[in-house]
Amino acid sequence: MFGLFKPKDPTKALRKKHSQLLEKGMLAQRKGDIRTYSMLSLEAENLWKEIEALEKSKGG
């Protein structure tokens, strides 16, 4: 009830997307699609850098 007024964590959605990208990459790797795995891994890595930058800017 009182969580209504708490500020939203901007990294929460990004972390979820990062996790989904890693999982999709793992599944692609298991299927032998290394190109897709590489692309998803790179996208996940870039997203992680963005998350780190956001956390550094907010002081946490």
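Residue numbers run consecutively from 1 along every chain, following the written order of its sequence. Local features in this predicted model are restricted to residues of pLDDT 70 or higher, and side-chain atom pairs are both shown and tallied only at a pLDDT of 80 or more, whereas totals for entire chains, interfaces and linings draw on every residue. For the side-chain quantities, the full set of heavy atoms in the structure was used; hydrogens and water were omitted.

**Q** Just checking my understanding: could you explain the packing of helix H1 (residues 10–31) against helix H2 (residues 34–58) for this structure?
**A** The geometry of a pair of packed helices is captured by two quantities: the angle between their axes and the separation between those axes. For helices, the fitted line uses only the C-alpha atoms of the stretch in contact; every axis is such a line through C-alpha atoms, and the angle between N-to-C directions lies from 0 to 180 degrees. Helical segments are the DSSP runs of H or I of at least four residues, strand segments are the runs of E of at least two, and each set is numbered from the N terminus. Between H1 and H2, whose axes approach to 8 Å, the crossing angle comes to 160°. The orientation of H1 relative to H2 falls into the category roughly antiparallel. Here the hand of the crossing between H1 and H2 comes out left-handed. Residue-level contacts link Thr11, Leu14, Arg15, Lys17, His18, Leu21, Leu22, Lys24, Gly25, Met26, Ala28 and Gln29 of H1 to Ile34, Thr36, Tyr37, Leu40, Glu43, Ala44, Leu47, Trp48, Glu50, Ile51, Leu54 and Glu55 of H2. When its residues are assigned to classes, the contact of H1 with H2 shows 13 nonpolar, five polar and six charged. Note on terminology: angles under 35 degrees are roughly parallel, angles over 145 are roughly antiparallel, angles of 65 to 115 are roughly perpendicular, and the others are oblique. We call a crossing left-handed when the near helix sits turned anticlockwise from the far one by less than a right angle, and right-handed when that turn is clockwise. Two residues form a contact once any of their heavy atoms are found within 4.5 Å. For this classification, the nonpolar set comprises Ala, Val, Leu, Ile, Met, Phe, Trp, Tyr, Cys and Pro, the charged set comprises Asp, Glu, Lys and Arg, and every other residue, Gly included, is treated as polar.

**Q** Sorry if this is basic, but what is going on with the pattern of salt bridges here?
**A** Note that side chains of opposite charge can pair when their charged atoms are close. Salt bridges, as used here, are contacts in which a Lys or Arg side-chain nitrogen is within 4 Å of a carboxyl oxygen on Asp or Glu. This model, assessed by the stated rule, comprises two salt bridges. Residue Glu55 pairs with Arg15 through a salt bridge whose shortest N-O separation is 2.3 Å. Here the residue Glu55 occupies a position in helix H2, and Arg15 occupies one in helix H1, the gap between them amounting to 40 residues. Arg15 gets classed as partly exposed once you look at its relative accessible area, which sits at 35%. Glu45 is the salt-bridge partner of Lys49, the closest N and O atoms lying 3.7 Å from each other. Of this pair, Lys49 and Glu45 both sit in helix H2, four residues apart, which is roughly one turn of that helix. Note on classification: 1.4 Å probe, protein chains only; a residue is buried when its accessible area is under 20% of the maximum for its type, exposed when over 50%, partly exposed between these limits.

**Q** Any chance you could explain the nonpolar core here in plain terms?
**A** The tendency in soluble globular proteins is for nonpolar side chains to be buried side by side. Nonpolar cores are built from buried Ala, Val, Leu, Ile, Met, Phe, Trp, Tyr and Cys residues. Side-chain atoms within 4.5 Å join them into one set. In terms of nonpolar packing, the biggest core is built from six residues, these being Leu14, Leu21, Leu40, Ala44, Leu47 and Ile51. Of all elements in the fold, only H1 and H2 reach the threshold of two or more residues within this core. With four residues, H2 is the single largest residue contributor to this core. Apart from residues lying up to four places away in sequence, Leu14 is in contact with Leu47, Glu50, Ile51 and Leu54.

**Q** I would appreciate a short explanation of H1 in the present structure.
**A** Every α-helix winds through 3.6 residues per turn, so residues three or four apart in the chain are directed the same way. The end-to-end C-alpha separation of H1 is 33 Å, in line with the 32 Å expected for 22 residues at 1.5 Å each. Within H1, burial applies to Thr11, Leu14, His18, Leu21, Gly25 and Ala28. For H1, the buried positions fall inside an angular range of 100° around the axis, keeping them on one side. Residues Lys12, Ala13, Lys16, Lys24, Arg30 and Lys31 are exposed on H1 and point more than 90 degrees away from its buried face. Buried residues in H1 make contact with H2. Expected helix span is given by 1.5 Å per residue-to-residue step, counting one fewer step than there are residues. Along the arc lie the directions from the helix axis toward the C-beta atoms.

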